[in-house]
Every structure is written in C-alpha cells, then in structure tokens.
Amino acid sequence: MTVAEKKHRIIEPDSLIGKRIPKMDAPDKASGRTRYIHDIDLPGQLHGKILRSARIHALIKSIDTSAAKALPGVHVVITAADIPDQRPIGVAKDHFPLKVGRVRSERDEIAAVAAESEEIAEAALKLIKVEYEDLPVIGNPEDSIKPDAVLIHPEPHGADGTHLHLKQGTSIAHRGKADNVAMRFDYAHGDVVQGEAESDAVVEDTFKLHYVTHCCMGVSGMIAEFDAAGNVQMYSNTQVPFLHKREFAEYLNIDPARIRIIQPPIGGGFGSKLDIYPFEVICLYLARAAKRPVKMLFTREEEFLASPTRQPVLLTLRSGCKKDGTLTFRTVHTLHDNGAYTSWGATTPFVMMQTFSSLYRVPHCDYHTAAVYTNNPYAGSFRGYGNLQATFAIEQHMDMLAAKIGMDPLEFRMKNAQDAGEVTGQGMSFKSCGFKECITTAASRSDFARKFAENQANQKKPGNIKRGIGMASMLHVGGGAKIYPSDGCGTILKMDDFANVTLITGASEIGQGSETVLSQLVCEELGLPISAITVVNNDTAITPWDVGVHASRTTFIAGNSAIGAAKKAKGKILAVAAKKFDCTEADLDLRGGFVIRAASGEALVELSKLLRNLHFQEKAELVMTTFYYEPPSVHQDKGFKGDVSAAYAWGNQVVEIEVDTDTGFIRLLKVTGAHDVGRVLNRLGIEGQIEGGVVMGQGYAFTEDLMIEDGKMKNPNFRDYKLVTAPEIPEMDIAFIESMDGEGPQGAKGVGEAPSICMAAAAANAIANATGTRMFELPFTPEKVYRALHGQTPKRYWKPWKAE
Amino acid sequence: MSLKHEIEFTLNGVKRKLAVDVTMNALDMLREVVGLTGTKYGCGEGECGACTIQVDGVSLNSCLMFAVDCAGRNVTTVEGLTDQPRGEALRESFVEHGAVQCGFCTPGMMMQADHLLAKHEHPDAACVKRGLEGNLCRCTGYKKIVDAVVACGGRDSVTPAQAGVQK
Ligand code: FES
Ligand code: FES
C-alpha cells in the first residue's frame with residue numbers, strides 16, 4: 001500500500017450487534033479442554049464426603065465416629081460437636097451446616113469425612129454410628145399449618161435445649177419458631193371487594209405445582225484450601241461470588257478480605273448456585289481441620305437429594321372481569337412448601353405477586369403467601385423464580401374468563417395487556433413494552449385464531465387424536481432487580497500496545513454466553529474485532545464487585561457497565577487523537593482498528609500505533625478505565641410496592657399439541673414464541689437461550705416430576721426423573737420484538753429466564769382447547785392426562801388460609 | 001484396596017500400558033489414572049451420555065464399562081476425536097451453530113454424533129435426534145446440537161483447512 005492509498009483508506013461502518021457470534025469459550029468446550037471444577041485437582045488434596053440423615057425427622061441421640069477416625073487414610077471426621085462456632089446459614093439463617101441435635105429432612109448433614117480418596121471417605125461414612133429417635137413427619141404443607149402439627153423448628157434451638165453451642169455474643173442465631181410458618185407475604189392494591197362487585201364473571205380454582213429440580217449436567221462441587229496465614233482460597237461454582245465471599249467469611253469468623261473465590265467454568269446453573277449450601281461450609285470446615293486442600297463432589301444421586309428444587313406451590317386464585325372484557329380483580333392465596341429450611345424458593349412471591357398485579361392491568365389485587373415448614377426438600381431459586389407457577393394459574397384464568405364472557409382469548413388478552421408508559425398498581429413502570437406486539441406476533445405466526453376455533457369444533461367429533469393450541473404471556477424483570485441494597489456491576493478495562501483489550505468484569509459466565517455478549521458490546525464501542533478481547537471474569541481477587549448472576553440481569557447490568565468503561569477508554573483515545581490531528585473529538589471515531597474521520601470514514605491512524613505512541617512517548621500513558629453501573633430502579637417498600645427493575649421483559653408463547661385421548665399421551669408439536677428482548681445483541685446466543693428455556697419449560701409441563709413421599713425422594717436418578725430428550729423437542733419458531741429499551745445496553749433487556757415461563761400455562765390451555773378438559777395440576781404425564789380426561793381426577797379445592 | 005490389573009490398549013492412537021483397579025470403570029480410569037478430563041461424569045449409571053467414548057469405533061457409556069475391558073481395544077475420547085477430520089469438522093460445526101452453552105454435555109454429544117456420522121453420512125434431523133436420544137443436555141434444548149450434526153453430515157468432504165477452528 002502506498003502512502004497515498006493509505007491516506008484515503010475508507011473504513012465502512014460495520015456492527016457486531018445482532019450478529020451470530022459463536023461463544024468465545026465454545027472451541028475449548030467442544031474439545032474437552034475446559035476444566036470444570038470436577039477436572040481440577042490440587043497437590044495434596046483430600047476428598048470430602050458427607051454423611052446424611054437416615055431418617056426424615058428425628059432427634060439425634062448419639063453419633064459415634066471412632067471407627068471412622070481409625071480407618072487408614074482418613075484425616076478428619078467432623079460432626080457439629082467438633083465445630084463449636086457453627087453459624088446458621090441460608091436465607092432465613094435457620095439451619096447449621098452440620099445438624100445439631102435434630103434432623104429435619106432426608107438430606108440433612110450429620111457428619112463429614114476428609115480422606116485420601118473418595119473410596120476411603122465413603123468407607124469411613126459407613127463406619128459412623130448414629131442413634132436416632134424418630135419424630136412425626138410432616139410431608140404435606142396442609143398438615144404443617146394444622147394447630148396440632150409437630151413443630152419443625154421448636155424453640156429453643158440446640159440439642160441440649162440451650163443456645164450454648166452458639167458462640168457468645170452471636171446475634172444472628174436462629175432461635176426457633178413458635179409455629180411452622182417460615183415466611184409470609186401480603187400484598188394489595190385497590191379493593192378486591194369493590195372489584196368483585198363490579199364483575200360480571202368470576203372464576204376460582206386451586207392449582208398445584210410440583211417439585212422439579214435443576215439437573216445441571218455438572219454435579220455440585222467445591223475445593224477449599226487454607227494457606228499458612230489462614231487465608232482461604234475456594235474453587236466454587238457460585239453464581240454470586242461477592243456476596244458469598246462475605247457470607248463465607250461470617251461462617252468462618254474471619255475477615256472477608258481473606259477469602260478468594262475462583263469460579264471455574266460451570267456445568268449449568270439456572271439459579272441453583274444462588275444460595276450457600278451446607279456442603280460448601282462443611283468443605284471449608286474439613287479443609288481448615290485437615291490443613292490440606294479438600295475437594296468435595298456430589299454423586300448424581302446426592303445432586304438430586306441435596307440440591308434445591310423449584311418451589312412447589314398450592315395456589316387458589318379468584319379472578320373476575322366485566323362483560324366487555326375488562327379485568328376487575330384478583331385474589332391469590334398460596335401455600336409454599338418451604339421444606340425443612342429456608343432458601344430462595346420461599347421468596348418467590350416477590351416475582352409471583354408482580355405477575356398477578358402487573359402482567360395485565362388489574363385494578364384490584366390481593367396477594368398472600370405463607371411458606372410453611374415441612375420435612376420435605378427445600379426449594380431454591382430456579383430460572384423463572386416463581387413466575388412459571390404464577391403464570392400457570394393466571395393464564396388459565398385468562399382463557400376461562402374469556403370463555404365465560406364469550407370473548408376470543410386473544411382479544412381478551414389484548415384488551416388487558418400493558419402498554420409502554422403505564423405504571424402498575426404495584427408501582428412498576430414500563431418504559432419499553434412490546435407486549436401487545438408479542439401477543440399479535442405469536443398469534444399470527446402460529447395462525448392461532450383459526451386453529452383455536454377449529455380445534456374447539458373438533459372436540460366432540462369422533463376420533464381419539466385431538467389437536468390443541470394454547471397461548472400464555474409473561475412479564476419478568478429484564479433490567480436487573482433491586483433485591484439487595486445494590487444491583488450494580490463494576491468493570492475494569494485495559495488496552496495494550498497492540499490495541500487488544502482485557503475486560504475485567506464482575507459478571508460471572510455460567511454458560512449463558514455473557515462473556516461473548518460483553519465482548520461484543522465493548523468491541524462495538526471501540527471499533528475492534530471480537531478477536532481483540534480477553535475477558536477475565538472468574539476471580540474475586542481480580543474482578544470488581546458485582547451482585548451476581550440472577551434475575552436475567554447480566555446483559556443489562558454488566559453490559560451497561562462494560563459499555564461505560566469502553567466509552568471512557570474511547571474518550572481518552574479520541575482526546576489524544578483530536579490533538580494529534582488538530583480537530584475536535586466529535587470529528588473522530590474508532591472503527592475497524594483505526595481512528596477514523598467520523599464523517600468520511602477515512603482512516604487516520606491505526607489504533608495500536610496511537611496507543612503505542614501514547615504509552616512510549618508522550619506521558620507514558622496507559623489506557624485503563626473503570627466503571628461502575630447502578631441501574632435506575634427503586635427498591636420495594638414494606639408493602640412490596642416499587643419499580644425494582646430498570647426494564648421489563650415481555651413475551652407470549654403459543655403451544656400446539658396432539659392428545660391421544662385413549663392413552664393420555666401428549667405430543668408437543670410446535671412452540672411459537674415472540675419475546676420482547678429490547679434488542680438482539682448476539683442472535684446465536686439469544687436463540688440458544690430461548691430454545692433451551694422452551695425445552696426446560698416443556699420438561700416442567702410434561703415430563704419432570706421429583707416425587708417426594710413423606711419427605712422421601714422416590715426418584716433421585718435420570719432413569720425415573722425424566723428430562724426431555726432430543727427426539728421429543730417441538731418445532732420452534734421464535735420471533736424477537738425489538739422495543740429498544742432506552743436504558744438497556746444498545747437497547748437490550750434481559751431474557752435468560754423468560755423463555756421457560758409460559759410453557760406449562762400455554763400447554764394447559766392447549767389441552768383445554770383440544771379436549772374441553774382443564775388441568776390444574778402439573779405435570780401433564782400420560783397417567784394424569786388420562787385420568788383427567790376420563791373424569792377420574794377429583795377437583796381439588798384448597799381453602800385460602802392466612803397465617804394468624 | 002482392591003486388586004490391580006495391568007492392561008494394554010490404544011488410547012487416541014497411542015499405545016498405553018496401565019495398572020487399574022479391577023472394580024474401576026473406564027470413565028474413572030480416563031479421568032483419574034490417565035488424566036484426560038474431557039470425558040465427563042454426569043450420572044455414573046448410563047443415563048446421561050456425558051461419559052460417551054468410542055471403543056473400536058462404537059460409542060458407549062464409559063461409566064458402565066470396566067476399565068480392564070479396555071484391554072486390547074482401540075479407545076477414542078473427545079481429546080482424540082478432534083484430531084481427526086470428522087471430529088474437527090464436528091467441533092467447528094458445534095461452535096458455529098451455537099450448540100455449546102455450559103458445554104458439559106458437549107464432549108459426549110460429539111462422541112455420539114461422530115459415531116452416528118460414521119454410520120450415516122448425511123443424516124436428517126429425525127435421524128440425529130434418535131441418535132442423540134441417550135445424551136442429555138439441560139442448556140440448549142437440543143435444537144442447535146441437532147443443527148450442528150446435520151450440517152456436519154451435509155458437508156460433502158471436509159478438508160483439514162475447512163475444519164480449522166478460528167481462534
Ligand atoms: S456418566 Fe455415564 S451415562 Fe451418565
Ligand atoms: S450445554 Fe449445558 S448441558 Fe448441554
């Protein structure tokens with residue numbers, strides 16, 4: 001290239017946004033090179049194993065670990081008695097990592113071993129003798145609230161009836177409960193009595209939502225190590241490293257600054273790694289006692305037994321509308337089976353009440369949840385966070401009310417759907433809102449209206465194969481969620497002499513592709529190819545603070561933070577370039593690895609050359625920036641009113657099925673979805689999120705069922721817990737509605753949780769459309785469907801109950 | 001401690017001689033004795049396919065196979081697969097089609113898909129879905145995995161250059 005040519009080189013505008021960008025970590029993952037926690041071993045490492053309860057609910061009379069301790073190869077055996085400074089853990093701080101005096105569920109941790117090998121650790125567990133005294137088991141939340149129910153957490157806590165096992169001066173100890181109610185939520189806006197008086201049609205039904213679990217393909221695990229000075233290094237799969245650092249420090253009674261969490265790539269998250277579980281604290285105890293690194297991995301069976309579940313819910317909903325189709329009120333009571341301990345599942349009402357109050361315009365709304373203790377497994381957060389459960393009830397009632405007033409279900413939804421600019425009774429403010437477009441798009445692409453009428457007409461015709469079509473809508477946070485005091489994320493960005501970027505972000509990658517999306521956003525700003533960036537996102541000693549991966553927040557929050565850092569870097573670079581080329585910064589831009597003239601696209605200087613100059617000549621400056629993004633959202637007040645997210649995601653999905661009325665077998669034919677995602681950033685990534693979410697929702701609706709009987713899990717394996725397999729997936733037609741959110745990074749909103757929310761509700765509506773039969777309980781297994789179709793399912797009614 | 005047994009076999013084209021516990025399965029041998037961690041543990045009971053390897057060209061669940069039964073056989077894992085043209089092409093196709101999310105199921109999927117492509121050069125989507133029935137994935141909803149395998153089978157011939165994965 002001659003000098004003259006170089007001078008006039010024009011760089012055409014190009015954008016990374018909306019393209020199909022392969023995930024940056026995919027080549028390594030597809031070569032078996034990625035090292036997950038299971039693949040990491042430290043020199044001198046021991047293997048930890050946990051002894052779990054042999055009973056569902058019992059007093060622990062004695063534990064004898066002497067034979068286990070004597071086994072060659074065993075380094076440490078611990079029980080609660082060995083850890084006098086245990087602190088209670090969990091969302092309500094209502095259990096100890098190693099149980100004290102009493103076990104309350106099948107998963108309960110009684111003792112732990114660190115040994116030379118997993119085999120030896122397992123052999124040692126078998127040598128531990130525990131004497132129990134059985135207590136009555138509460139396997140059903142409805143029994144838990146009966147006046148004579150045995151208390152799961154009687155006062156006071158502790159085996160000896162005192163709190164003396166707790167450290168003196170500890171204020172956070174769980175002191176037990178006078179009843180079995182773990183948490184309550186009561187919300188209201190308007191006046192439901194007035195709403196009911198104005199109604200022409202009212203429906204009331206009880207819905208039952210079952211247990212399912214995350215089934216991350218990579219089982220849970222952790223490696224913990226203490227150095228000579230007592231500093232802790234953990235390899236952990238947590239989704240919230242910075243909050244957990246603080247919590248772990250509390251459990252170890254050390255300064256949080258002494259804890260470093262490294263997050264290896266993770267074999268699936270979906271919300272399961274949002275809480276601290278006993279095994280993690282126990283692993284730390286073992287490492288502390290053994291003075292060696294300790295690695296703890298679950299077996300698949302243990303993963304089923306001792307991981308959280310999705311929150312099971314019993315729910316009675318009463319809804320009404322006027323003849324013209326205007327919704328008038330909703331009254332909701334739910335009974336959440338809290339299991340033996342409290343994790344995030346108990347807090348799903350935060351999300352559920354938003355769906356009840358604000359998915360459609362509802363002038364009067366009354367919402368109550370009681371989460372009650374039982375001896376069952378406890379629920380954590382799980383993609384969708386209560387929204388699958390709430391939507392299941394609401395969207396069936398939408399169809400039922402429409403039918404009652406003789407209105408088309410599509411028209412009924414459109415009449416009540418939210419628009420941009422509305423502020424709901426709960427205080428949520430919808431800035432960008434493509435909801436109506438989602439409904440009409442999914443309906444027209446699936447030919448909903450015609451098929452709905454046709455199927456309905458076919459219900460009574462002969463033949464055992466019936467087709468059904470059903471729709472459901474969703475609303476979920478899409479611009480972060482102010483749950484903790486801060487919802488922010490920090491970014492550090494540095495550029496080297498060759499115009500390569502290192503993006504150091506607080507945001508965790510859990511397989512969802514955030515690393516790639518953040519890279520796109522930064523490279524877009526700096527006019528660089530995606531190959532120019534390296535992301536560091538997995539080490540609390542290096543990365544800046546972030547509140548964690550949850551609430552579909554990473555693209556929005558970490559994205560805005562990354563853009564902020566990139567804009568600062570760009571500002572620095574353009575300021576230098578403007579001086580050099582004797583123009584203003586506004587005259588210049590970055591594109592294709594060059595500084596260009598904004599108007600003409602003419603390349604002025606290679607970015608790398610400019611950066612080298614900056615570095616080696618002028619003031620030896622390096623381009624490094626930091627940025628912290630805190631979204632403009634508002635915490636809820638005590639009455640749960642507030643605008644917790646800076647943006648909200650909308651969607652509608654239409655499900656088409658074929659039911660064999662002779663067998664109850666349902667084939668899922670097609671899912672047509674339309675999602676308001678703000679803007680598509682990485683088309684490949686977002687399609688993958690939606691497809692994966694749809695199939696996860698399919699599993700929830702049709703195949704997955706974690707069977708718990710009186711606290712005992714019946715099917716802790718993939719043989720009897722049925723995940724959807726490849727041949728069963730439906731045809732998927734997904735449309736993206738780009739509402740260009742004003743606050744979103746490049747207009748985007750969060751979408752991670754959205755796609756699984758509608759499936760079960762839409763499937764229930766499709767079954768009703770095919771057969772005329774309503775199903776109020778999940779999952780829609782052939783047996784359940786057959787019974788319902790043949791009048792063998794008595795209609796359940798749970799009388800709303802309010803804790804006194 | 002149980003009895004050790006010495007076996008000889010070929011692993012990813014290299015002859016190996018190892019002493020293994022007679023009770024050990026092939027998955028643990030690969031991961032813990034050999035140190036190749038690309039093959040994953042998902043269930044240990046033959047239900048998830050994360051541990052899929054090929055033995056004499058046939059895909060199987062390494063968690064259900066005794067390590068000693070590898071004696072005299074030709075064993076391929078994901079680490080060896082991507083050294084071969086079809087394996088390279090599969091990897092490229094998986095990456096391009098967005099078939100990888102958390103990636104934990106991916107090695108098993110690729111081993112199974114490679115076996116399928118060895119039997120059916122140009123499988124259609126239905127054939128691929130059936131072929132991958134034993135491999136669970138919790139992230140992708142399978143669609144992009146199926147697309148990746150179909151597209152790979154659709155390639156007439158794959159040269160190493162085409163198969164190169166961009167950095
Ligand atoms: S680990 Fe072998 S099939 Fe799951
Ligand atoms: S990509 Fe996560 S299990 Fe398949």
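This is a predicted model, so every value here is computed, not measured.

**Here we look at the overall build of chain B**
Looking only at helices and strands, one finds seven helices and five strands in chain B. Ordered by position from N to C terminus, the α and β elements of chain B give β-β-α-β-β-β-α-α-α-α-α-α. What you see for chain B is a C-alpha radius of gyration of 16 Å, in line with the 15 Å of a compact globule of 167 residues. In chain B, which comprises 167 residues, the proportion classed as buried is 56%. Look at the contacts in chain B between residues 6 or more apart in sequence, and 58% of them connect residues 24 or more apart. Mean positive and mean negative side-chain charge positions of chain B (17 and 20 charges, respectively) differ by 3 Å.

**Looking at the packing of aromatic side chains**
In this description, a pair of aromatic rings is defined by centroid distance and the angle of the planes. Residues and elements named next belong to chain A. Following the criterion strictly, the structure yields 18 aromatic pairs over all chains and no others. Seen from their ring centres, Phe-448 and Phe-452 are 5.3 Å apart, and the 25° between their planes marks the pair as stacked. Residue Phe-448 and its partner Phe-452 are both found in helix H14 (residues 448–458); the two are separated by four residues, about one turn of the helix. Taken as a pair, Phe-448 and Phe-452 share a single burial class, namely buried. Three or more aromatic residues joined by ring pairs make a cluster, and in this case those are Phe-207, Phe-392, Phe-702, Phe-776 and Phe-780. When the ring centre of Tyr-341 is taken as reference, the NZ or CZ atom of Lys-99 above it lies at 5.1 Å. Sitting over the face of the ring of Tyr-700, Arg-310 holds its NZ or CZ atom 5.2 Å from the ring centroid.

**Observations regarding the confidence of the model for chain A**
Of all residues in chain A, 96% have pLDDT values of 70 or greater, and the mean over the chain is 93. Throughout residues 158–173 of chain A the model reports pLDDT below 50, and contacts reaching past four residues in sequence, or to other chains, amount to 25 contacts.

**Re the domain arrangement of chain B**
All names here are of chain B. In terms of domains, chain B is made up of domain 1 (4–77) and domain 2 (81–156). Taking only C-alpha atoms into account, the centre of domain 1 sits 21 Å from that of domain 2. On the side of domain 2, twelve residues touch domain 1, which itself brings 15 residues to the contact. Together domain 1 and domain 2 conceal approximately 1100 Å² of surface at their shared face, both sides included; 52% is due to carbon and sulfur atoms. At the junction of domain 1 and domain 2, the tally comes to zero salt bridges. Of the residues forming the side of domain 1 that touches domain 2, the biggest block, three residues, is contributed by strand E3 (residues 52–55). In terms of residue class, the side of domain 1 that touches domain 2 is built from five nonpolar, eight polar and two charged.

**Considerations on the packing of helix H11 (residues 387–404) of chain A against helix H19 (residues 759–771) of chain A**
Helix-helix packing is characterised by the crossing angle of the two axes and by the distance between the axes. Residues and elements named next belong to chain A. Closest axis-to-axis distance for the H11/H19 pair is 8 Å, and the angle between their directions is 35°. By crossing handedness, the relation of H11 to H19 is classed as right-handed. Judged by residue contacts, Thr-391, Phe-392, Glu-395, Gln-396 and Asp-399 of H11 engage Ala-760, Ala-761, Ala-764 and Asn-765 from H19. In terms of residue class, the contact of H11 with H19 is made up of four nonpolar, three polar and two charged.

**Description of the interface of chain A and chain B**
Contacts between the two partners involve 50 residues from chain A, matched on the other side by 40 residues from chain B. Around 3800 Å² of area is buried between chain A and chain B when both sides are counted, 60% of it from carbon and sulfur atoms. Ranking the residues of chain A by area buried against chain B places Ala-30, Met-217 and Ala-726 of chain A at the top, with a combined share of 16%. A salt bridge links Glu-691 of chain A to Lys-144 of chain B, with the shortest nitrogen-to-oxygen separation between them at 3.3 Å. Our count for the chain A to chain B interface comes out at 21 residue pairs in polar contact (both at pLDDT 80 or more).

About the thresholds
- Residues numbered from 1 in each chain as written.
- Chains lettered and ligands numbered in written order.
- Predicted model: local features only at pLDDT ≥ 70, side-chain atom pairs only at ≥ 80, totals over all residues.
- Heavy atoms only, no water.
- Helix = DSSP H or I, 4+ residues; strand = E, 2+ residues; numbered from the N terminus.
- Rg over C-alpha atoms; globule rule 2.2 N^0.38 Å.
- Buried < 20%, exposed > 50% of the residue type's maximum accessible area, 1.4 Å probe, protein only.
- Contact = heavy atoms within 4.5 Å.
- Lys, Arg positive; Asp, Glu negative; His and termini not counted.
- Charge placed at Lys NZ, Arg CZ, Asp CG, Glu CD.
- Phe/Tyr/Trp six-rings, centres within 6.5 Å; stacked < 30°, edge-to-face > 60°.
- Lys NZ or Arg CZ within 6 Å of the ring centre and 35° of its normal.
- pLDDT = per-residue confidence, 0-100.
- Domains from an automatic or database assignment.
- Buried area = accessible area lost by both parts, 1.4 Å probe.
- Salt bridge = Lys/Arg side-chain N within 4 Å of Asp/Glu carboxyl O.
- Nonpolar A, V, L, I, M, F, W, Y, C, P; charged D, E, K, R; others polar.
- Axes fitted to C-alpha atoms, helices over the stretch in contact; angles between N-to-C directions.
- Left-handed = near helix turned anticlockwise from the far one by under 90°.
- Polar contact = N/O pair within 3.5 Å; in protein donor to acceptor, adjacent residues only side chain to side chain.

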